[in-house]
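# Structural characterization, general
One-letter residues, chain by chain:
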Amino acid sequence: MDFVAIDFETANFKRSSACSVGITVVKQGAIVSRYCKLIKPYPNYFEPINIGVHQIRPEQVKNSPTFSDLWEEIHPLIAGMPLVAHNAPFDKSVLRQSLEVYDRVCPDFEFYCSHKIAKSLMPDLFNYRLSTVCEVLDIRLNHHEAQSDADGCANIILTLARQHGARSVAELNEIAALRKKGAKLR
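First, a word on scope: everything that follows refers to the structure included in this document. Note that this is a predicted model, so its numbers are computed, not measured.

### Some points on the pairing of strand β2 (residues 18-27)
One face of the sheet, then the other: side chains in a regular strand alternate in exactly this way. Across the 10 residues of β2, 9 count as buried, placing the element largely inside the fold. Relative to β2, strand β1 (residues 3-10) runs antiparallel, the two being bridged by 8 bridges. For Val-4, the partnering residue across the bridge sits in β2 and is Val-25. Counting the residues that bridge the hairpin from β2 to strand β3 (residues 30-38) gives 2 residues, and of these Gln-28 lies at a positive phi of roughly 50°.

Structure (structure tokens):
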């Protein structure tokens, strides 16, 4: 099972305002590398509510590279790999908009959502927040720290894949889709 889990934290309500990224690379069913960086956001201002969530402050990123600067490091880590995020529509839009503001083309990634997969395969939880799913699956998490969130997402996928006999994220996603439709599973 090969995939990359990705998580962004944003400085404000603009999806282009990534201020931190965490990346967890999984190859052959094991975490093989991690990448985490602070980012100078665009636009470069912080909303108090965002700081309250992730605790990243303007002074921490004032000398950080922009997302455009980091793209040369990030792209080789994720190129050709399926991406997974918990609440994938958010992280996918942050990736896309963070590239667009610097006139960079966003590659067409295969993107999966661990939130949707968990919701389908773990139907009795009271919510499907990353912290809840990780707690139920006994996965360590320092919530809203980008690297920890990416690790948590990766471990959710690895755990559910083992539980359901999936050999890829695509196969796990298909199992989850069948379960959601009420089809009988193996």
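### Remarks on the nonpolar core
In this structure, Phe-3, Met-122, Val-133, Ile-156, Ile-157, Leu-160 and Leu-172 are the most contacted members of the largest nonpolar core, which totals 29 residues. Looking at this core, the element that brings in the most residues is helix α7 (residues 146-164), giving 7 residues.

### Structural notes on the layout of surface pockets
The method is simple in principle: a probe with the dimensions of a water molecule rolls over the atoms, and the space it marks as empty is what remains. Its volume calculated, the largest pocket comes out at about 480 Å³. Together, 22 residues line the largest pocket, and Phe-8, Glu-9, Val-53, Phe-90 and His-144 are the ones closest to its centre. Those elements that place two or more of their residues in the lining of the largest pocket are β1, α1 (48-54) and α4 (88-100). In the lining of the largest pocket, the residues fall into 6 nonpolar, 9 polar and 7 charged.

Definitions and cut-offs
Residues numbered from 1 in each chain as written. Predicted model: local features only at pLDDT ≥ 70, side-chain atom pairs only at ≥ 80, totals over all residues. Heavy atoms only, no water. Buried < 20%, exposed > 50% of the residue type's maximum accessible area, 1.4 Å probe, protein only. Helix = DSSP H or I, 4+ residues; strand = E, 2+ residues; numbered from the N terminus. Pairing = 2+ DSSP bridges. Core = buried A, V, L, I, M, F, W, Y, C linked by side-chain atoms within 4.5 Å. 1 Å grid on protein atoms, 1.4 Å probe; cavity = no way out; pocket = protein on both sides within 12 Å on 5 of 7 lines; lining within 4 Å. Points joined across faces, edges and corners; volume = space filled by probe spheres on them. Nonpolar A, V, L, I, M, F, W, Y, C, P; charged D, E, K, R; others polar.

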